[in-house]
Amino acid sequence: MKLDYNTLYSNEYKFNEYWFDNLSSTWETIFNHIKKEIPDFKINKALEIGCYEGRATIWLANNNIVESSCEYDIIDTFGGSEVETGMENTMEMFKDKPDFIYENFKHNISFHKNIKWNIMRDMSNKILPTLDLTPKYDFIYIDASHQSDDTFVDGYYANKMLKPGGLLIFDDYGWGDPNNRDLNHSPKLGIDVFCNLYSDLYQDLIPGGSYQKYLLKNKLIN
Ligand SMILES: C[S@@+](CC[C@H](N)C(=O)[O-])C[C@H]1O[C@@H](n2cnc3c(N)ncnc32)[C@H](O)[C@@H]1O
């Protein structure tokens, strides 16, 4: 089925990549499921590690998934990733507009002034250890480096900061680089290590596997 993305994104926004679009129907299903199972589920505080121009971010804002006054933290280098197949367009665009990802992201979020945006611009493995590592986020989305070790490290810190009952999504569980089959050059192994180490803490919402991992953190049992 071909989705009409124009109904999801007005043309005021600036996007050059549409990686998120095929995932939006699964996100709709996941969030509908969670809201049915946990009626008091709300996203008042969110963290996104790897936002690019904000295609997923803006979908969350436009579909009332995050609360209108949400505190929304962002970590991104806004530098893309030269080593990954799929980033060729980005590298080409950098030649004319070296900061277009950051500029477009800021432009796109400017339509959502109620949300309290906090952009932390650097490598996630530099920023994450400096944060307050207490459980505070209702939602964390990881889509930054696609190296397995980096993805695990992002997940390691995310686990410390996700509240019980919160949702963690890893992107690209099913992604492989056709030009580099090295095990570390895809997030899958890092996500599998995460799921194995923390299996007691999470419910895998699509256990059979899917392109992304959707992990609901168990509420504390008293
Ligand atoms: C695939 S894009 C994210 C796509 C985005 N989720 C969307 O919906 O369009 C990956 C992003 O992660 C950023 N990135 C890559 N490696 C990173 C790292 N180690 N630390 C922080 N950001 C990183 C890149 O600059 C890029 O913006």
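Higher on the page you've got the structure.
Notes on the structure follow. Computed from a predicted model, the values in this text were never measured in an experiment. (Residues numbered from 1 in each chain as written. Predicted model: local features only at pLDDT ≥ 70, side-chain atom pairs only at ≥ 80, totals over all residues.)

### What to know about the environment of Pro 135
Here comes step 1: With respect to the helices and strands, Pro 135 occurs in the loop between helix H5 (124-127) and strand S4 (137-142).
Here comes step 2: Exposure remark for Pro 135: the 15 C-beta atoms within 10 Å place this residue in the partly exposed category.
Here comes step 3: Counting along the chain gives 93 residues from Pro 135 to Lys 42, while the straight-line C-alpha distance between them is 15 Å.
Here comes step 4: Dropping the residues within four chain positions of it, Pro 135 is found in contact with Met 161, Leu 162, Lys 163 and Pro 164. (Helix = DSSP H or I, 4+ residues; strand = E, 2+ residues; numbered from the N terminus. Buried ≥ 20, exposed ≤ 12 C-beta atoms within 10 Å, placed from the backbone. Contact = placed C-beta atoms within 7 Å.)

### With respect to the site of the ligand
Here comes step 1: Around the ligand, 22 residues are found, and the nearest of them are Gly 50, Tyr 52, Arg 55, Ala 56 and Ala 144.
Here comes step 2: Grouping the amino acids of the shell around the ligand by side-chain chemistry returns 10 nonpolar, seven polar and five charged. (Near = placed C-beta within 6 Å. Nonpolar A, V, L, I, M, F, W, Y, C, P; charged D, E, K, R; others polar.)

### Things to note about the pairing of strand S5 (residues 162-170)
Here comes step 1: Here S4 runs beside S5; their pairing, made up of five bridges, is parallel. Paired with Ile 142 across the bridge in S5 is Phe 170.
Here comes step 2: You can see the chain leave S4, run along helix H6 (residues 148-161) and come back into S5, and the turn it takes is right-handed.
Here comes step 3: As judged from the four bridges shared by S5 and strand S7 (residues 213-217), these two strands associate in the antiparallel manner. Residue Leu 168 lies in a different strand from S7, and its bridge partner there is Leu 215. (Pairing = 2+ DSSP bridges. Right-handed = clockwise from strand over helix to strand, strands pointing away.)

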